[in-house]
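Residue-level listing of the chains:
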Amino acid sequence: MLQVIAPDGAVIRPDLLPDPATRLHLYRQMRRARHFDERGWVLYRQGRLGVFPPFGGMEASQVGTAAALTKDDWLFPTYRDTGAALTLGLPIARTLAYWRTSPHGWHMPADLKVLPFYIPIATQYPQAVGAALAEQRRGTRNVAMAFIGDGGSSEGDFHEALNFAGALNAPCVFILQNNGWAISVPTRHQTRATDLSRRADGYGIPGVRVDGNDALATYHVTREAVERARSGGGPTLIETVTYRIKPHTVADDPTRYRTDADNAGWDAKDPVTRLRVHLLAEGLMTEASEADLLADIAAEFEAALAEADSYPEPTPAEILDHVFAEPTPQLKKQREEILAEHVAQTQAAQGHKEQA
Amino acid sequence: MSAPTTPAPHPTTHRTMTMVAAINDALDVALGADNTVHIFGEDVGVMGGVFRATDGLQAKYGEARVFDTPLAEAGIVGMGIGMGLAGLKPIAEIQFAGFLYPALDQILSHLGRFRHRTRSRYHLPMVIRAPYGGGVHTPEQHADSPEAILAHTPGVKVVIPSTPTDAKGLLLSAINDPDPVFFFEPIKLYRSTKEDVPVGDYRIPIGKARLVTQGDDVTVICYGGMVEVAQKAAAAAQAAGIGVEVIDLRTLVPMDTDTVLASVAKTGRAVIVTEAPRTAGFHSEIAAVIAEEAIEHLRAPIVRVTGYDAPYPPFTAVEDVYRPNPVRVAKAIRQVMNY
Ligand SMILES: Cc1ncc(C[n+]2csc(CCOP(=O)(O)OP(=O)(O)O)c2C)c(N)n1
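Everything quoted here is computed from the prediction, not taken from an experiment.

Draft legend 1. Layout of the site of the ligand. Around the ligand sit 20 residues, and of these Tyr 79, Arg 80, Gly 152 and Trp 181 of chain A together with Glu 73 of chain B come closest. Neighbouring residues of the ligand are distributed over chains A and B. Contact distances for the ligand include 2.7 Å between an oxygen atom and a side-chain N or O atom of Tyr 79 of chain A. At 3.1 Å from an oxygen atom of the ligand is found a side-chain nitrogen or oxygen belonging to Asp 150 of chain A. Within the complex, 95% of the 580 Å² of free accessible area of the ligand lies under protein. Here the residues of the shell around the ligand sort into nine nonpolar, six polar and five charged.

Next up, the structure:
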């Protein structure tokens, strides 16, 4: 399992260290992701964010991988990959809107090829192969990156996608985030395989296992995979070995299925702390410059939150929007029904108010 | 195991239960009565299911009979088919009905036609349980009502309870049925009401509708999560002097057409309520049956109150627009009355 820096920040592979600016960039993105995760919990408890799946502790797995892409590449994230989407440039306000269940969270910026978070498991994988293939056929050097969990890698779609990508030499980078759990099911009950990166062998494509809590390592292997894909070398499967310390969602209670012994040791492997210690030791960051960074990030988040707060609530008939390019006669009729119903209910509500 | 369904015993004692507790109780009874019964799916073991429907069953019956599978619905159903072929009674849980889709190949290609394609040499006594429907603000795809897809698949039965007692009685009948049964559980009703449910092996036959309320003017046909909605609308109509007969179908396949037709013959008016999308839903089948067999009794066109032809909205603020509510049902009742 590749590591570039140890959990205590010490350099293991000096030859693989990215340049200082990249290291600082990765740290900033991890901090942004963590800030989202931490503020998200608070906002959820305040009723200002809906149920969302936390990813705190998986920042290196998401940031280090997504940071290897450019805005011309595709990103197919699962519900847990907020950190990856933010890294590629999904605006925080849109991301908040998504987890607030606002349609504004489904409108992806025109300059990004990032899909809304996928809720059904594994369906995104074959789609990423198609997007990658399309880029190749159109003569670009763009790639597609898709995320999945250890649980998701049991689905047939995962295996079909790997096979297709290999057979068709699609420029695809598959990230398999092995965070130890699929809701209550530990990976050892999910599969007898102990090294999920080796699943690539069965499809004739490279498989790489990397410390998913080491942002420099995830970045390094993903860059290599992206480069290989761009230059016609085909797909790669990258297993990022990490851990979901947090519950499956903010509403889940992991004490039902997990003990403290399961979690033991993972706090000490925290990806943010690891890179932080490294940057401080190398003199690339000081306590003071970090404080500025954190203040920046907090301000950016609060501004985004204000923007998300300003998005209007959807109107009732909006539930029928975007089903077809041109609404069918049936949808037009259904829209009229909703509008009439809405008017009637608003009038009834006003009547109540006037009576009161 | 191909023995016909045994007649329902007469229970003498009751216990107060929510629907999810009643389901758990039915599974407990089934596991206790027959060691060929096996329960499996995602998170059904230690966790007891995301809705706790299988809570405590692994602890009681062991990991061989109640077990977590890898995360793969096609695998769950396909494996269940093999287990059923080889002499077990598989009860699979699909975590949400909206996640049934990866398994559709196994269901459409095999589950429904195995008896037919082996001339009854093999049959599949399999039950697939899946929470379905909206009303509780779930994320995308967690609120789907795909019952029509299954009802349109020859060879599978479709059962949808609306009360704790029915959930227990119908589930035990489903488990004892020689053929595959889809058992959709309305998420909205899992914990919303409690009821005195018979203890022990209590069964309600598959294929018999339930008369929820009686009335002479309008027949409202519904099932699952829509029964309480229809009941509220019926109560309001009743207060305004309109007699509403609410029929809870309980079973879509086979459908109790006798009860539906007898009621429509009496009232001459039919309103059908479902939260599934409008086009090509099971409600359309009900309307077709009424049109074919009772048109001479109709005093007004049949009215459907349904979801819309759009994906179920994951937008909390407007979710309730999609799902029929008592106001919409009441309006449909007025519409057929005033025709
Ligand atoms: C097709 C499908 N089946 C079931 C689910 C319900 N479900 C949501 S998350 C989850 C566990 C996923 O585990 P994993 O793939 O390891 O990803 P993680 O949540 O750990 O990031 C399950 C079973 C789903 N969303 N889609």
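Draft legend 2. Structural detail: the interface of chain B and chain A. With 36 residues of chain B at the contact, the number on the chain A side is 35 residues. Both faces combined, the contact of chain B with chain A buries some 3,000 Å², and carbon together with sulfur accounts for 61% of it. Among the residues of chain B in contact with chain A, Leu 71, Tyr 308 and Phe 315 of chain B are the three that bury the most area, contributing 21% of the side total. The interface formed by chain B and chain A holds three salt bridges in total. Our count for the chain B to chain A interface comes out at nine residue pairs in polar contact (both at pLDDT 80 or more). At the level of secondary structure, the elements contributing two or more residues to the side of chain B that touches chain A comprise helix 11 (319–322) and helix 12 (326–337) of chain B. With three residues, helix 12 of chain B is the largest single contributor of residues to the side of chain B that touches chain A. For the side of chain B that touches chain A, the residue count by class is 20 nonpolar, six polar and 10 charged.

Draft legend 3. Highlighting helix 8 (residues 226–239) of chain B. All names here are of chain B. Between its first and last C-alpha, helix 8 extends 20 Å over 14 residues, near the 20 Å set by a 1.5 Å rise per residue. Every buried residue of helix 8 is listed here: Met 226, Val 227, Val 229, Ala 230, Ala 233, Ala 234 and Ala 237. On an axial view of helix 8, the arc spanned by its buried residues comes to 155°, and they lie on one face. Projecting away from the buried face of helix 8 at angles above 90 degrees are the exposed residues Lys 232 and Ala 239. The inward-facing, buried residues of helix 8 abut strand 9 (210–213), strand 10 (218–222), strand 11 (244–248), strand 13 (270–273) and helix 12. After helix 8 finishes, the residue Gly 241 shows a positive phi value of roughly 90°.

Draft legend 4. Quick peek at the pattern of salt bridges. Residues and elements named next belong to chain B. Taken as a whole, this structure holds 42 salt bridges over all chains when the rule is applied. In this structure, the salt-bridge partner of Asp 25 is Lys 168, at a minimum N-O distance of 2.6 Å. Here the residue Asp 25 occupies a position in helix 1 (residues 19–33), and Lys 168 occupies one in helix 7 (residues 164–175), the gap between them amounting to 143 residues. Here Asp 25 falls in the buried class, since its relative accessible area comes to 10%. With a shortest N-O distance of 2.6 Å, Glu 245 and Lys 266 are connected by a salt bridge. Highlighted residues: Glu 245 in strand 11 and Lys 266 in helix 9 (residues 257–267), separated in sequence by 21 residues.

The rules behind these values
- Residues numbered from 1 in each chain as written.
- Chains lettered and ligands numbered in written order.
- Predicted model: local features only at pLDDT ≥ 70, side-chain atom pairs only at ≥ 80, totals over all residues.
- Heavy atoms only, no water.
- Near = heavy atom within 4 Å.
- Polar contact = N/O pair within 3.5 Å; in protein donor to acceptor, adjacent residues only side chain to side chain.
- Areas by Shrake-Rupley, 256 points an atom, 1.4 Å probe, with all protein chains shown as cover.
- Nonpolar A, V, L, I, M, F, W, Y, C, P; charged D, E, K, R; others polar.
- Contact = heavy atoms within 4.5 Å.
- Buried area = accessible area lost by both parts, 1.4 Å probe.
- Salt bridge = Lys/Arg side-chain N within 4 Å of Asp/Glu carboxyl O.
- Helix = DSSP H or I, 4+ residues; strand = E, 2+ residues; numbered from the N terminus.
- Expected span 1.5 Å × (residues − 1).
- Buried < 20%, exposed > 50% of the residue type's maximum accessible area, 1.4 Å probe, protein only.
- Arc of directions from axis to C-beta.

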